[in-house]
Amino acid sequence: MKRPQRLKRHQDLWLGTLGVLLAFGVCETVGRAGVVRRAYLPPASEVLARAVELAGDGAFLDGVGATLRAWALGLGLAVALAVPLGLLLGSVPVVDSAVRVIVEFLRPLPSVALIPLVSLLLGTGTETKVALITYASVWPVLFNTIYGLGETDPLAKDTLRAFGFGRLSVLLRVELPGTAPFIATGIRISAAIALILAVATELLSGFGEGLGIFIAQAGLATDGTRDVLAGVVWAGALGLVINGVLVWGERRLFPWTPERRAAGSGVRS
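Here's a quick rundown of the structure. This one's a predicted model, so the numbers in the text were calculated from it and none came from an experiment.

So, the packing of aromatic side chains
Reasoning step 1: Applying the stated criterion across every chain yields a total of 5 aromatic pairs.
Reasoning step 2: Aromatic pair phenylalanine 60 and tryptophan 234: ring centres 5.1 Å apart, planes at 75°, arrangement edge-to-face. With phenylalanine 60 in helix α3 (residues 58-91) and tryptophan 234 in helix α10 (residues 225-253), this residue pair connects regions lying 174 residues apart in the sequence.
Reasoning step 3: Taking relative accessible area as the criterion, phenylalanine 60 reaches 4% and is therefore assigned buried.
Reasoning step 4: On the basis of an interplanar angle of 70° and a centroid distance of 5.6 Å, the ring pair of tyrosine 147 and phenylalanine 182 is categorised as edge-to-face.

So this is what it looks like as structure tokens:
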């Protein structure tokens, strides 16, 4: 029954692998042909070899760990704030109307632009990274939670109310389970944003330790382009792994989503 889905996943995997190999081949050819100076664009094989070599560097791995700790803390705080607030705003229209202007004012503010202000308030440390990550990551989870509440089945809610269930029971029994896939999607989007902010904050602030600090210091060194690109490879690989784990988790936790049901009905037909 799931064979068409598996075939599509395998096809997507092969196409993605083909795209990576083509990009690798182009960078390798350009780097070795001398079209671009090696100081600006080393061959892809050298960058990949350096990225693998960094896996045995304890100091580098400590920096990656510091970045991931800030990422996890910031994302966790964002989820802890956004989900209850989203449930409140999505359930109580009066509250939503009261704070909508404030939310719409704060949402477009770029987190990177707040680095100097947050640094002055919190100092040079993990607290600054966590605060900026939390601020940037809270919005996708918040709006997905509000949107998910609006998409819950009204018939199920009316049925529970007809049997005498209160507002809290309806929220816990119907609205929260129905909103959970939307929340998970918001978390997946925020996870990518959080990783970007973690590395970008380290790059632009220039303090502490982390993957962004490694990339920034490599950029200041003579012939440091290879290390810069190797650090970028690590950042991309981390993002790919995180996204893959979250997608896998969504597929396992929420098999009842409309996409899953549509896929299943298509297979049965």
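Now that the structure has been shown, we can carry on.
Regarding the nonpolar core
Reasoning step 1: Residues Leu54, Phe60, Val64, Trp71, Ile133, Leu211 and Trp234 are the most contacted members of the largest nonpolar core, which totals 27 residues.
Reasoning step 2: Put simply, the parts of the chain that give this core at least two residues each are α2 (44-54), α3, α5 (115-122), α6 (126-150), α8 (167-205), α9 (211-220) and α10.
Reasoning step 3: At 6 residues, the largest contribution of residues to this core is made by α8.
Reasoning step 4: If we skip the residues at most four places from it in the chain, valine 64 touches Leu211, Trp234 and Leu238.
Reasoning step 5: Counting 16 residues, the second largest nonpolar core, distinct from the first, contains Val83, Tyr135, Trp139 and Leu142.

Rules behind the numbers
Within each chain, residue numbers correspond to sequence positions counted from 1 in written order. Only residues with pLDDT of 70 or above have their local features reported here, since the model is predicted, and side-chain atom pairs are shown and tallied only from 80 upward, although totals for entire chains, interfaces and linings are computed over all residues. Just so you know, side-chain values use all the structure's heavy atoms and leave hydrogens and water out. Pairs were defined over the aromatic rings of Phe, Tyr and Trp, the Trp ring being its six-membered one, requiring ring centres within 6.5 Å. Orientation was assigned from the angle between planes: stacked under 30 degrees, edge-to-face over 60, tilted for the rest. Counting from the N terminus, the helices are DSSP H or I runs at least four residues long and the strands are E runs at least two residues long. Only protein chains enter the area calculation, which uses a 1.4 Å probe; residues under 20% of their type maximum are buried, those over 50% are exposed, and those in between are partly exposed. The set of buried Ala, Val, Leu, Ile, Met, Phe, Trp, Tyr and Cys residues whose side-chain atoms join them within 4.5 Å is what this entry labels a nonpolar core. Throughout, a residue-residue contact means that at least one pair of heavy atoms, one from each residue, lies within 4.5 Å.

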